[in-house]
Amino acid sequence: MNKKQIAITLGVMCFLLTIAICVQLRTMSSASSTVSQTLSDNGLRDEVLRMKEKYDNTYSELENAQKELEKIRQEATQNDSTAEAKEQEIRENNILLGNTDVTGDGVEVVLADATVTNSLNPSYQIIHFGDIQDVVNELKNAGAEAIEINGQRLVNTSAITCEGNIIKINGERVGSPFYIRAIGSQSLLYGALTRAGSYLDIIREYGNTAEVTKVDDITISKYAGSITYEYMKEDK
Amino acid sequence: MIFIAIVLGCIVGALIGVNMPMISYTYSGYLAIAIIAALDSVFGGIASTLKKNFDLKIFVSGFFGNAILSILLTYLGQKLNVDIYLAAIVVFVGRMFNNLAIIRRYYIDKWTEKRQKSKKVEVKETTKK
């Protein structure tokens, strides 16, 4: 065995080793920088990261599948006028259901917890799920066509719920400040929220932030989940 | 010669590794144990070159075999709910210390020999004068 051969093999091995170490370092630094002291905490963190990764993977798969479906649908309807009409109908229904990203003029409402405590009851100084519900109702009443709260699109199955000390929308947790964005007639939406005695006034009374602004060209993202049904049937 | 190759390999590896795509978090535990196994093999390789009983076949098979075996054992441990990777780490790190001790002793011996030789030369020169 000559020395040159040994040197080359050792070099190649070190090369592979450093690549692996670099990849590992980058993965770990991107995952999370905090390492907890206790084993059970670390295990839980591991579990959360794995679940998140699994979710991300599945979600990207779903998106790919949807794109594929769209493509196939387009190909199938290329030379068929009745199918084209159906395609148009599907597209419109998707817009109504909240399955597509939509843009349009509208308003943005910002609700945030009070920063200064000046009330005896601190419960008044935070935004509750009921406050959000009331604002959403107000917006819907004024004819909002698409509503999104902190990136969560409101669709017909959406729920705004209070789960202890957090608020969940579509089953995903959201926190203050809440950015409620709605597409619809700007003057109607703005008027409904700024009229005297409107719900925002009540929120503001306790020191919480509640602001409305007219915004042009809002983009509201599509609903991330899927709308399915199991029990209902068409009544003939 | 050998150390130049090692340093060169490390530098090129680091440069490429920085630009490599990240692996998913699920598999990073396996990669970590493979790194430890490979590190052990490299130190073993260096130690055996110094001892002049380096065998390429043993080295290469140890490098890949240990890495793959430790990954498989870690996987098995996860399925059985036993932290087998802890045993693997103990073994590999223990051997790493052994090999590092061999390398250290080799260089300390070399160094002391050199010093003694130079002292002898000095003594000879002074006696000549």
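Residues numbered from 1 in each chain as written. Chains lettered and ligands numbered in written order. Predicted model: local features only at pLDDT ≥ 70, side-chain atom pairs only at ≥ 80, totals over all residues. Heavy atoms only, no water.

A. Examining the overall build of chain A more closely. Scanning chain A for helices and strands turns up 6 helices and 8 strands. Across the 236 residues in chain A, those meeting the buried criterion constitute 31%. Taking the contacts inside chain A whose residues are at least 6 apart along the sequence as the reference set, 73% of them involve residues at least 24 apart. Of the accessible surface of chain A, which amounts to about 15,300 Å², a share of 52% is contributed by carbon and sulfur atoms. (Helix = DSSP H or I, 4+ residues; strand = E, 2+ residues; numbered from the N terminus. Buried < 20%, exposed > 50% of the residue type's maximum accessible area, 1.4 Å probe, protein only. Contact = heavy atoms within 4.5 Å. Areas by Shrake-Rupley, 256 points an atom, 1.4 Å probe, with all protein chains shown as cover.)

B. Quick look at the packing of aromatic side chains. Residue and element names in this part refer to chain B. Summed over all chains, the structure comprises 6 aromatic pairs over all chains. Seen in terms of ring centroids, Y106 and Y107 are 5.2 Å apart; in terms of plane orientation they differ by 90°. Their pairing is edge-to-face. With a relative accessible area of 27%, Y106 lands in the partly exposed category. An aromatic cluster is defined as three or more aromatic residues linked by ring pairs; in this entry it consists of Y27, Y30 and Y75. Sitting above the plane of the W111 ring, R115 keeps its charged end 5.3 Å from the centroid. (Phe/Tyr/Trp six-rings, centres within 6.5 Å; stacked < 30°, edge-to-face > 60°. Lys NZ or Arg CZ within 6 Å of the ring centre and 35° of its normal.)

C. Looking closely at the side chain of T49(B). Mapping T49(B) onto the fold places it in helix α2 (residues 25-50). Those residues in contact with T49(B) that lie beyond four places of it in its chain are I6(A), L10(A), I2(B) and F54(B).

D. Local environment of the sheet that holds strand β1 (residues 102-112) of chain A. Residues and elements named next belong to chain A. Overall, antiparallel pairing links the 5 strands, which are arranged β3-β2-β7-β1-β8 in an open sheet. In this open sheet, the two strands that pair with only one neighbour each are β3 (152-153) and β8 (209-220). When strand β2 (residues 146-149) meets β3, the two strands line up antiparallel, connected through 2 bridges. Following the sheet pairing, E148 is matched in β3 by R153. Where helix α5 (residues 186-194) meets the sheet, its contacts fall on β1, β7 (178-183) and β8, and the angle it forms with β8 comes to roughly 165°. (Pairing = 2+ DSSP bridges. Axes fitted to C-alpha atoms, helices over the stretch in contact; angles between N-to-C directions.)

Without other data, these values stay purely geometric and don't point to any function.
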